[in-house]
Every structure is written in structure tokens, then in C-alpha cells.
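A look at the structure
Here is how the chains run, residue by residue.
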Amino acid sequence: MNIRIATTDSEIAVCYPVMRELRPHIAEDQFLSRVRNQEKTGYQLAFIEQPDGVVAVAGFRVGENLAWGHFLYVDDLVTLPSHRSNRFGASLLSWLREFAVKEGCVQMHLDSGIQRKDAHRFYEREGMSMTSLHFVENIAPTH
């Protein structure tokens, strides 16, 4: 399966319809600039393209902190509903693991909304463990 990192504006733009499935609050006309802005802090966008277009996308970054050491964090992982259960998500996770190893990471992390039970089963089936809860507090109004 051919997985590439989106580097050009056009490659990023064709990932939008897939990303919209996970992040519907991001308008299409904001997507490119938001990705480009996040790239400044290490964000990358990997994708799988089939003859009918992009079918799966993963946004990720490599980082380091006291809790995890050197790690790969998966910000976004999504497959078009019409292409689920075809191993695209599993292929992206496998590719991300290999990328993490090459980068010298000791762990791979991601957060998943508590309502996404199917996603949780998928992550566990793919070898990931649920190890913590994520807490949030909004401190400024969202626009």
C-alpha cells in the first residue's frame, strides 16, 4: 500500500474530504493554512490514495516530554466510511510505527473521543492499550 507524506498544497488539499469526516468543524478554505501552520511545530500529514482518490489520512508529529520520552503522537487518523474495514487504517498505523522507529521514538500515542467505541476496538485490535483519560477545560471562547 502506497503511503506518502503530503508536502505540496495540492496533496494537502486532496486530503480534506477524508479529514472532514473526523474534523467537520474545519472549513475547506481553512484546511491548507491550518495544516501549514501546524507544520511549523512538526505536524505531518500522511495519506493513502487509491484510484478513486484519497481514502485514509493520518496527521502526526514527533515530540519529547518527561512523561513519554521521545514519542510519535497521532493527532488524526481517519478512513472514509466507504473504505473502512479494508485495512487502510491498520496500514497507516503500521506505517506510523515504522516511522516512529526510524525517528528513534520509544512510544506512539493518540487520544480518541470517549464516544468512539468502534475506534477504541480498532486501536486495541491493532495492539494499542488504553492507558489514561484526557481532561480538558475551555479557557477562551471558541470562534
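Our subject in this report is the structure included herewith. All residue numbers refer to positions counted from 1 along the written sequence of the respective chain. Where local features are concerned, this predicted model is filtered to residues with pLDDT of at least 70; where side-chain atom pairs are given and counted, the filter is 80 or more; whole-chain, interface and lining totals use all residues. Only heavy atoms go into the side-chain values, all of them from the structure, while hydrogens and water stay out.

Thoughts on the pattern of salt bridges
- Within this document, salt bridges are pairs made up of a side-chain nitrogen of Lys or Arg and a carboxyl oxygen of Asp or Glu, the two lying within 4 Å of each other. Within this structure, the stated rule accounts for eight salt bridges.
- D9 is the salt-bridge partner of R36, the closest N and O atoms lying 2.7 Å from each other. Taken as a pair, R36 in helix α3 (residues 28–39) and D9 in helix α1 (residues 9–13) lie far apart in primary sequence, 27 residues in all.
- The exposure class assigned to D9 is partly exposed, which follows from its relative accessible area of 41%.
- Here D75 and R61 are joined by a salt bridge, their closest N and O atoms 3.1 Å apart. Of the two residues, D75 is situated in strand β4 (residues 69–79) and R61 in strand β3 (residues 53–65); the sequence distance between them amounts to 14 residues.
- We classify R61 as buried; its relative accessible area is 19%.
- Residues joined by salt bridges that share partners form a network here, namely R4, E11 and E49. Runs of E in the DSSP output that reach at least two residues are strands. Runs of H or I that reach at least four are helices, and both are numbered from the N terminus. Whether a residue is buried, partly exposed or exposed follows from its accessible area with a 1.4 Å probe, protein chains only, as a fraction of its type maximum: under 20%, in between, or over 50%, in that order.

Details of the packing of aromatic side chains
- Pairing of aromatic side chains requires ring centres within 6.5 Å, counting the rings of Phe and Tyr and the six-membered ring of Trp. Pairs whose planes differ by under 30 degrees are stacked, by over 60 edge-to-face, and all others tilted. Here the structure, examined in full by the defined rule, presents six aromatic pairs.
- A connected cluster of aromatic rings, assembled from ring pairs, spans F60, W95 and F99.

A short note on the sheet that holds strand β5 (residues 107–110)
- Strands are labelled as partners when DSSP assigns at least two bridges between them. The five strands are arranged β1-β2-β3-β4-β5 in an open sheet whose pairing can be described as mixed. The open sheet is flanked by β1 (3–5) and β5, the only strands paired with a single partner. Here the strands of the sheet are splayed against their neighbours by 30° on average, with no regard to which way each runs.
- In this structure, strand β2 (residues 44–50) lies alongside β3, joined through seven bridges in antiparallel fashion. Opposite L45, over in β3, you have G59 as the bridge partner.
- Contacts between helix α4 (residues 88–102) and the sheet are confined to β1, β2, β3, β4 and β5, with β3 contributing the most and set at about 30° to the helix. Helix axes are fitted only over the stretch in contact, all axes being lines through C-alpha atoms; the angle between N-to-C directions runs from 0 to 180 degrees. Residue contacts are counted whenever heavy atoms from the two residues lie within 4.5 Å of one another.

Quick notes on the side chain of E11
- Secondary-structure assignment places E11 in helix α1.
- With a relative accessible area of 17%, E11 lands in the buried category.
- We define a polar contact as two N or O atoms separated by no more than 3.5 Å, with the added condition that, inside protein, one atom must be a possible hydrogen donor and the other a possible acceptor, whereas residues neighbouring each other in sequence contribute only through side-chain atom pairs. One polar contact links E11 to R4, side chain to side chain, over a distance of 3.4 Å.
- Setting aside its immediate chain neighbours within four residues, E11 contacts R4, I5, A6 and F47.

With respect to the nonpolar core
- Judged by nonpolar contacts, the single largest core of 25 residues is most densely connected at L72, L77, L92, L93, L96 and Y123.
- At the level of secondary structure, the elements contributing two or more residues to this core comprise β2, β3, β4, α4, β5 and α5 (117–125).
- No other element matches the eight residues that α4 contributes to this core.
- With sequence-adjacent residues up to four places away left out, L96 is seen in contact with A58, F60, L72, V74 and M108.
- For this analysis, a nonpolar core means a set of buried residues of the types Ala, Val, Leu, Ile, Met, Phe, Trp, Tyr and Cys, connected via side-chain atoms within 4.5 Å. Core analysis: the second largest hydrophobic core is formed by 17 residues, V18, F31, F47 and L80 among them.

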